[in-house]
Structures are given as structure tokens and as C-alpha cells.
Amino acid sequence: MSLLTLACALTAPADIEDGAEAMTDTTAQTTQKSWLARAADSDLWYSFVRSPVTIVSTIVTILFFVSAIFANWIAPHNPFDLATISIMDASLPPAWMEGSDPRFWLGTDDQGRDIFSTIIFGARISLFVGFASVIFSMILGISLGLISGYVGGRLDAFIMRVADIQLSFPAILIALLIDGVARGVLPREMHQDLVFYVLIFAIGISGWVQYARTVRGSTLVEKNKEYVQAARVIGIGPLIILWRHVLPNVMGPVLVIATIHLAIAVITEATLSFLGVGVPPTTPSLGTLIRIGNDYLFSGEWWITIFPGIALVLLVLAINLLGDWLRDALNPKLR
Amino acid sequence: MKADVEHNSLLTIEGMRVEFPSRRGHVVAVERLDLSVEPGEILGVVGESGAGKSTIGNAVIGLLEPPGEMTEGTILLKGDRIDHLDDAAQRKIRGARIGMIFQDPLTSLDPLQTIERQLVDTIQRHLNLAEAEARSRAVDLLDQVGIPDPDVRIAQYPHQFSGGMRQRVVIALALCADPELVIADEPTTALDVSVQAQILDLMKALCRDRQVGMILITHDMGVISETADRVAVMYRGRVVETGTTQQIMSKPTHDYTKSLISAVPRPDKRLKRFPLVTYIEDAEERPEGLNLATHWLGKVREEHKLTGNLVELKDAHMRFITRHSLFPSRRLYLDAVKDVSFAIQPGEVFGLVGESGSGKSTIARMITGIYKPSGGSITFDGTDMTALQSRAAAAPFRRQMQMIFQDPFSSLNPRMRVEDIIEEPIHFHKMAYDQQEARQIMHDLLDVVGLGAQAARKFPHEFSGGQRQRISIARALATRPRFLVCDEPTSALDVSIQAQVLNLLKDLQSELNLTMLFISHDLPVIRQICDRVGVMRNGQLLEVAPTETLFTDPQHDYTKHLLKLMPKFRGFRMPELEA
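Residues numbered from 1 in each chain as written. Chains lettered and ligands numbered in written order. Predicted model: local features only at pLDDT ≥ 70, side-chain atom pairs only at ≥ 80, totals over all residues.

Moving on to the overall build of chain A. The number of helices and strands found in chain A is 15 helices and 0 strands. The 335 residues of chain A split such that 44% are buried. A sequence separation of at least 24 residues applies to 68% of the contacts in chain A between residues at least 6 apart. (Helix = DSSP H or I, 4+ residues; strand = E, 2+ residues; numbered from the N terminus. Buried ≥ 20, exposed ≤ 12 C-beta atoms within 10 Å, placed from the backbone. Contact = placed C-beta atoms within 7 Å.)

Here it is as C-alpha cells:
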């Protein structure tokens, strides 16, 4: 369960918003005004309040995040607490259908677990795995991109050829491969313990190329700018230059990629779980829920798979729309 | 045609007002503007950046960048109203009746099409000519703009032409359909002096011979005085004064014109200080500078007095790889600096002058350690810098030499506050005991460069170009260097700002007893600020001489050539400014 507490820390709803505010920070006109006033004055906020689609997707995203973090308090039932689950409640339809139980708004699954609650807990796992793998990809991709762009030469050629090779395989294939290798190499019990880490590693490693390429491109531009040369004239070493001068100036596009990548990571996790190589059924994610429900689709209990499916689509769509808007809003050419 | 009497001018602009609506209110770029151009006349529009010069040109050809809009006034071309036309009608005028020459010849030609294609297409769009006729016309045009072997060169692509030749092609393109009016927006700003003179002569001759009217938009008084027949001086979106070039240059009436003209660095005489543009409305209060004689910054910190040269280059060579390859035989190299040797004595300002690509900036970057020389040696204070292996060994020397860069917009990290930018070298070289002392030094430095401590909390984008250059200077002074490299420190600035920044550098140089390497392509500026000058071309140092000797008695042919091309700008002078 320590993973889930970590998940709470990672899935703070402020994450994306924070990033956005950091961007607007520098475009604000004066430094005298309060942080909030400057944010409200910024171009980003201006474009935000004029885009209803973005506002709706932000609300949806925040709802998902809040309910994922506070799942223990928000969910009406705890599907993992065996004491509260009764097999008598199994396979009840949603509340508006005949033969339903008002306690279970979206019905129950074959073991009598409340679908609404499992969706909330499932979204939590999906988001945690998604966030963790995005962060893993980001760190890996940004570091390699910075080194590649700044050092150049053979190292650059090597890193970029590796990226090219990886790009010739579909991301899901790489994730499957890594998961398969981990299953083969690790002893069974150990794999059970490490399943989350393996999953995060598998999804994360399949996504670093985009970050590396973008960051490399921006680094090539930034490293020739005079402020980097000024730092070199002072005598500052390459690591500090990269960290303090280049990195903050290449983060804009990275933020956009990260947002869209989060949606992709959630989908990848769901796909892996749907294929049965993701998270175990004891701690089901949205993908696992869809897979479990899939078996009951033709026996009439459609709600077991449809509702987690809708939740997944909503979550991914909302994050994607948010990422699209962020890309346009931060692109000076489209302003 | 009743209006013929009134509108006999080629182009008449009356009461023009251009607004750029934005969410923070409308920005008025141009207002109450009246101008007229006669056939065969060159009207110079001069002003500093942001004065609205380019907006006029764009409004006339109907290419205002959205959301910009002409809200008032009329534009008449030979009596026909050409403002507020629809796109189709506007396109017919553009190219056919009004030609346009842009600043950058590198980007105003399509790199994927031959010159022939671009010329023939334009000719055929506006004139009813067959392919063969259009082509022979295109060859004629290239011949007229002075391109040798036009028959052969017409089939080439833009990248096969040099910058000056490309600008000639752009001019030919503008003249394709025999326009009545040509708008030239900073046509020579991106070109070297020698090329600039040729292009200006060409434009003058073409206007005279073809009776084409021209609006020449520029910030350069020298260009105006040599080319224009009449001048309109712009300031903050308004024309403050119009008159013949002769009249404006010798007897300007408006205060702004007077101070603008007198701020142009003089090529013919060295002054103690640069005359300032005094006419600046609502100029901000400048904090009093510090008295450097008593301040810590002015205190001598150096370990020993040196007797020899502070900086010495011996056969310094810089070779760049222009094509990488695994096999050494397939690699291509460019020798940017070829075996250059010179020495800079303590306390002097050494100038390097030359056209673009002559290797000036490369030398600056070799001395400051951004590039590692591929041959020869660079000695600083008796130590061979090229022999120092580690960064740690070089650090004490790095502290003693600092650099000011050309582009004020890219030389400051946009994500750092001014205080962090200036404190960074202080912390790096451990020149303060604690954060508080570093902060104090930073505030003092901001005072020294005339910005004041309130600038500390801001980000670079909140400052103008000149102010940013001051921040750059403060950063360079933060390590208390004895040697300062200035790489074209003012070439991106307006004349008035240039004067302020150069005065600041001059003051600091004498008060702090700095040794300076001053790089510029601008001979008048070199004359004003340098003690000795080296002339460079194609990576070679041709001549080194004391400034006055160089200007009065140049030895090398190339130096003579450069001096001959220097704009002979003898404008209005404020006698009280001449010491």
C-alpha cells in the first residue's frame, strides 16, 4: 500500500496547473503584483477562460485526480475490504434498472464489488502508473536529450540512432517485451512484489524518445545563444550550465509532451492490463476492470465493463484536450 | 479626373492612423500621418525602432499584420484610392504598381526555385507576356541591376548568390512589372558596408532613370543622407519633421531631429563623449551613479602590476569542421582565423574592425575560452591560456576577463531574474562571503550601470534593448575583471541608445582602468572609442595601427577601401558638444 500513498503524492491535482502557472510566471508584466494576480493577468489564463472545451476537460481531469487521491473517503465502498463485500450483492445492475440495489449506483461485479468504487480505485492505479512512467520517461528523455544536444559528436549520433531504432518498434511491443523478460527473469513471488515497478519501467522506457528528440532540438538552439556563452565565459561547467541555463529554457515543449504522454501512458497501462500482463486483478486498474468485465459482456452484465471503459475514455480524452490546448497556448506562432 | 490638379503626386498619404488592437488596449502605431512621394523621388523615412516606420510601408501595400488596421486616413496612388481595397484588387496593385524590397535578402527569395522561375512567374502574373518574352525581360532586369552573366545566372538558385547579389535579385523582382512606386524597408541593413554602398547607388540610379518613386525606410542617418531626396523624421508614430535632405541634415528645426542627427558617431573627429539624444519624452529617472573613486568596485584588487602585455596572441589559428565524416579525407574545414598575432597593453582599448565573416568574433571567443584555438597560443598576464588543461586551472583567469555580447535579446537567460543573472558569477567565483554581501554587490552594480536596485527583481523581457545591454555590462563587471571583451556591443541598438551605452563603457573603462578589446564593423564607433585598431579580412589581420594614424594614413589597400566606403555623413552638429 505504500505505493498508493506515493501515488497520492504524485497525482496531486495541482501538477499540471502548477506547470501552467510556472509558464505564465515569466510572461506577467510586473513582479510587484501578487502571484495570483499575475497568473490571472497572463496570456495563458486569457486563452484558458476563452476555451470552454478546455475548462470542461480541466474540470473532468481535476475530478478524476481528486477522487483518485481521496478514493478512501470518496468511494462509497471499499472494494478491497473483504469484510464489506457480500457475494449476495453479485452482478446487480445499475441503480436505474430493475432489480438493482440503491447502494450500488453503477451496479456490482461478479464478486459483489461496487462498480463505482472500483472505478475510483482503478483510476487511482491507472493515474499512478501513468504519472510514474511519465516522470520516468521525462527524466530519462530530458537527460539524454540535453547530453545529446550539448555534447554533440559521436555520443549524440549514438543516442539518436538508439532512439531511431526504438522508434521502429511500436511502444506497446516494447512494453510487452520488457514485461515478458521481467516475468521470465524474476522469480514468481518477486515479480508479484515488483509488478508495479516493472510496469512503470516498461511504459516509461517506451516513451523517452519523444522527450529526447524535442529536448535535443531545443538544446541545439539554446546552446548557441549568447547567455550560454556568457555562462561559459564566467567559467561555469557544463553540468551547471545544462541544469541552470539550458534546462529551464527547453521545458516549455516538454510540458506539452508530458501532458499528452500521460494520456498515452494511461492507455498503454490499460492495454497491458487488458492483455493480462499489467497490474494483478487483486489491485485492479481501469484496464484490468475492463478485461474482467469483458467476460461477462455476453452474459448480459454489460455494466461491469462498459462503465470502466467510459471512465477511461473520459479521462484520456480530457487529458488529451488539455494537452492540445496547452500546446496551442504556449506556441507563440499561433497567438 | 477632376482631382488631377490636387493629386499630382505619385503617392499621397493623408491623416493615416494605424492601430493594433490588443487585449491591453489599442496600440497606435502611426497617427496623423501625411506624406507624399513624387515620381523619381526617394523619400527617406527615418526613425528609431518602434517609431512606426515599417508600419507605413506595410499599410501602403495592404500587408499590415493582423490584427493591425488602418482606422483613419486615405492613401492615394496617382489619384486612385488604394486603402480599404479587397484582397484581389490589393494583389493587383502589389507587384504591378508598387514593388517591395525587404531587409533580409536571405529570406525574401524562395530557396527552392530558380531565380528564373521567380522572376518569370512574377512578370507573367502582372504583364501579359509569353514565356520567352518574360524570360528575356528577366535577363534584361538582372543586367540592369548589375548581375554579371545574367543569361547564365538566371538559371541558378538563391543560395548560389552572395548577400549583395541576392539583394540585387530582390530589387529586380520588385521592378519586374514596372511599378510606379517601390517601398524599400531597411534594404541594406543586413549587408556589409562595401555592398551597401553599391546597392544604394543602384537604387538611386534606377529611381532616376525609370522615374520610379521610392520610400526608403531606415534607421541609418548615413544611408538617408547619401540616398534620399527628401526626409521624413518619425518619432513615436508621428512625423515630427519633413524637408529636403539638405535642409534636415544641416538645419533641422525639431529638437528630436537635432539630437538624433548629432548622436550619429562622427567618422571625421574623435570626441570625448558621444553626444546623447536628449529629446526623449518621459525618460525615466536615472538613479545617480556611484562615485567609483571611493567605491569597492574602483579599488584595485589585482595581485601585481604587470609590465608587459596583458593579452597576447601568437599565430592563433581557428579551424572549424564544416562537414563531419568518419574519414579524415572527406572532412571539410573552414579556417576562421588564420595565424593572427597581436598584443593588447594594459589600460588600452584595442579595436578590431572588419566585415562580417572576417573572424573578429571568433578571436573574441578564443580569448575568452569559448573556443579552443586549433593552433598558436593566447597569453593572458604572462600565462599561456592554451596550455591550461583543466577548467579549475583556468578559473582565476576567467574571472579576470569578461565579455559583453552583441544581441541583448539572447545574452540574458530569459528564465532568470536580473538579480540571479548578476549574482551567478559572484557566487561562482566565491567573491562574496554570504548571500547578503552578494546582494549588496549586485545592487551596487545595477547602480553603476544606471539601472537602480529596483531592476533586480525583474525578468530580462521587461527591459528594452539598451537596458538589457546595461544588465549585460553589470554581469560582466561582477567578477571585477581587468579585461573586457565587447563583441559589437551596440550594433543591435538605436543611435540614441548606442550613445548612452558607449558613454557608459567609456566611463567604466577609464574609472576602473579596464583593458578592452572592442569589436565592431562600424568605423565611426571604432574611431570614437579605440586607442589602437586592427583591421581584419577573411581571418587575417591586415594592419594594426593607432586609431588616428589608421584613419588619417591607412597603409593597407583594404583599409583604404573600407575608409572610402565609410558614409561621409556631415550632418548638423551641436557645437557645444564638441570638446
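That covers the picture; the talk isn't over yet.
Take the nonpolar core next. Ranked by size, the top nonpolar core spans 240 residues in total, and within it B:Leu43, B:Met214, B:Leu445, B:Ala474 and B:Leu517 carry the most contacts. Not counting residues up to four positions away in its chain, the partners in contact with B:Leu43 are B:Leu35, B:Val37, B:Met214, B:Ile215, B:Leu216, B:Ala228, B:Arg230 and B:Ala232. (Core = buried A, V, L, I, M, F, W, Y, C linked by C-beta atoms within 7 Å.)

Residues and elements named next belong to chain A. Taken N-terminus to C-terminus, the directions of helix α7 (residues 115-151) and helix α8 (residues 153-167) make an angle of 140°; their axes are 7 Å apart at the nearest point. The angle between α7 and α8 places the two elements in the oblique class. In this structure, the crossing between α7 and α8 has a hand that is left-handed. On α8, the residues that touch Leu 144, Ile 147, Ser 148 and Val 151 of α7 are Gly 153, Leu 155, Asp 156, Ile 159 and Met 160. (Axes fitted to C-alpha atoms, helices over the stretch in contact; angles between N-to-C directions. Parallel < 35°, antiparallel > 145°, perpendicular 65-115°, else oblique. Left-handed = near helix turned anticlockwise from the far one by under 90°.)

To continue, consider the packing of helix α9 (residues 171-185) of chain A against helix α13 (residues 238-274) of chain A. Helix packing for two helices is described by the angle between their axes and how far apart those axes are. All names here are of chain A. Their axes nearest at 11 Å, the elements α9 and α13 cross at an angle of 50°. Classified by the angle their axes make, α9 and α13 are oblique. Note on packing geometry: the crossing formed by α9 with α13 is right-handed. Contacts between α9 and α13 involve Ala 171, Ile 172, Ala 175 and Asp 179 from the first element and Thr 268, Thr 271 and Leu 272 from the second. Taken together, the residues that form the contact of α9 with α13 break down as 4 nonpolar, 2 polar and 1 charged. (Nonpolar A, V, L, I, M, F, W, Y, C, P; charged D, E, K, R; others polar.)

Residue and element names in this part refer to chain B. Mapped onto the secondary structure, Val 120 falls in helix α3 (residues 115-126). According to the C-beta neighbour criterion, Val 120 is buried, with 21 such atoms within 10 Å. Between the alpha carbons of Val 120 and Glu 241 there is a distance of 41 Å; along the sequence they are 121 residues apart. Excluding its chain neighbours within four sequence positions, the residues that come into contact with Val 120 are Glu 131, Ala 134, Arg 135 and Ala 138.

Moving on, we come to the sheet that holds strand β6 (residues 98-101) of chain B. Residues and elements named next belong to chain B. Pairing is mixed in the open sheet, where 6 strands are placed in the order β6-β7-β8-β3-β9-β10. Of all strands in the sheet, those bounded by a partner on one side alone are β6 and β10 (238-244). Here the strands of the sheet are splayed against their neighbours by 15° on average, with no regard to which way each runs. Direction of pairing for strand β3 (residues 42-46) relative to strand β8 (residues 213-218): parallel, over a ladder of 5 bridges. Directly across from Val 45, in β8, lies its bridge partner Ile 217. Its contacts with the sheet place helix α6 (residues 163-175) against β6 and β7 (181-185), and it is angled at close to 165° to β6. (Pairing = 2+ DSSP bridges.)

Note that every value here comes from positions in space, so none of it alone points to a role or purpose.
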